[in-house]
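Listed here are the chains, written in short residue letters.
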Amino acid sequence: MEGPHLLPVGLSGRVERALSDNGACISCVSQDLVVGLGLCPFKVSPCRLNFAGGGFFLSVHAVMVSLRVGPMAFRWRLRVVDRLSTSIILGRDLLSAGGVVIDYAVSPTSIQFR
């Protein structure tokens, strides 16, 4: 663990820091990272992403990527967002599919995979 809810995530041969955000409905990736890795985004239905600070972004692209999170490796669709404060946000869609458990009784950074 690198900090509160920051996880090292393997993506396209690199390790990026990803925010584990159980308040986010969907997982997303920054446009800068998509361009930097040479990934090919595709058009999807527009989606308005609301952020806790009150701001929002409209996402109209997504990418399919191979992710490695802890002991799990899988392909996942990430929504592309123009500006993010972190490279990747792992939302509830990915966290629940991966069986991730955040045990606040142990520590706010105690993350387990089932």
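We now turn to the structure provided with this report. (Residues numbered from 1 in each chain as written. Predicted model: local features only at pLDDT ≥ 70, side-chain atom pairs only at ≥ 80, totals over all residues. Heavy atoms only, no water.)

Looking at the overall build of the protein
Working step 1: In terms of helices and strands, the protein carries two helices and nine strands.
Working step 2: When its helices and strands are written in sequence order, the protein yields β-β-β-α-β-β-β-β-α-β-β.
Working step 3: Sorting the 114 residues of the protein into buried and exposed places 40% on the buried side.
Working step 4: A separation threshold of at least 6 residues defines the contact pool for the protein, and within that pool the share at least 24 residues apart is 52%. (Helix = DSSP H or I, 4+ residues; strand = E, 2+ residues; numbered from the N terminus. Buried < 20%, exposed > 50% of the residue type's maximum accessible area, 1.4 Å probe, protein only. Contact = heavy atoms within 4.5 Å.)

Some words on the packing of aromatic side chains
Working step 1: For the structure on display, the rule yields one aromatic pair.
Working step 2: Ring geometry for Phe74 and Trp76: centres 5.9 Å apart, planes at 80 degrees, overall edge-to-face. The residues Phe74 and Trp76 share a single accessibility class, namely buried.
Working step 3: The ring of Phe56 carries Arg48 above its face, with NZ or CZ at 3.6 Å from the centroid. (Phe/Tyr/Trp six-rings, centres within 6.5 Å; stacked < 30°, edge-to-face > 60°. Lys NZ or Arg CZ within 6 Å of the ring centre and 35° of its normal.)

Quick look at the pairing of strand E4 (residues 42–50)
Working step 1: Two elements, E4 and strand E5 (residues 56–69), share six bridges in a ladder whose sense is antiparallel. Each bridged residue has a counterpart across the sheet, and for Cys47 the counterpart in E5 is Ser59. (Pairing = 2+ DSSP bridges.)

What to know about the environment of Gly55
Working step 1: Within the secondary structure, Gly55 sits in the loop between E4 and E5.
Working step 2: Residue classification places Gly55 among the partly exposed residues on the basis of a relative accessible area of 35%.
Working step 3: Setting aside residues no more than four positions away along its own chain, Gly55 makes contact with Leu49 and Asn50.

Describing the nonpolar core
Working step 1: Counting residues in each nonpolar core, the largest one holds 22 residues, and the members touching the most others are Val9, Val29, Val63, Leu67, Ile88 and Leu90.
Working step 2: Mapped by element, the contributors of at least two residues to this core are strand E1 (6–11), helix H1 (31–37), E5, strand E6 (72–81), strand E7 (88–90) and helix H2 (92–97).
Working step 3: Those residues in contact with Leu67 that lie beyond four places of it in its chain are Val9, Gly10, Leu11, Met72, Ala73, Phe74, Trp76 and Leu94.
Working step 4: Of all hydrophobic cores here, the second largest spans six residues; its members include Ala24, Cys28, Val81 and Leu84. (Core = buried A, V, L, I, M, F, W, Y, C linked by side-chain atoms within 4.5 Å.)

Some points on unusual backbone geometry
Working step 1: Positive phi values are uncommon outside glycine, yet Ser12 reaches one of about 50 degrees.
Working step 2: Within the secondary structure, Ser12 is located in the loop between E1 and strand E2 (14–20).

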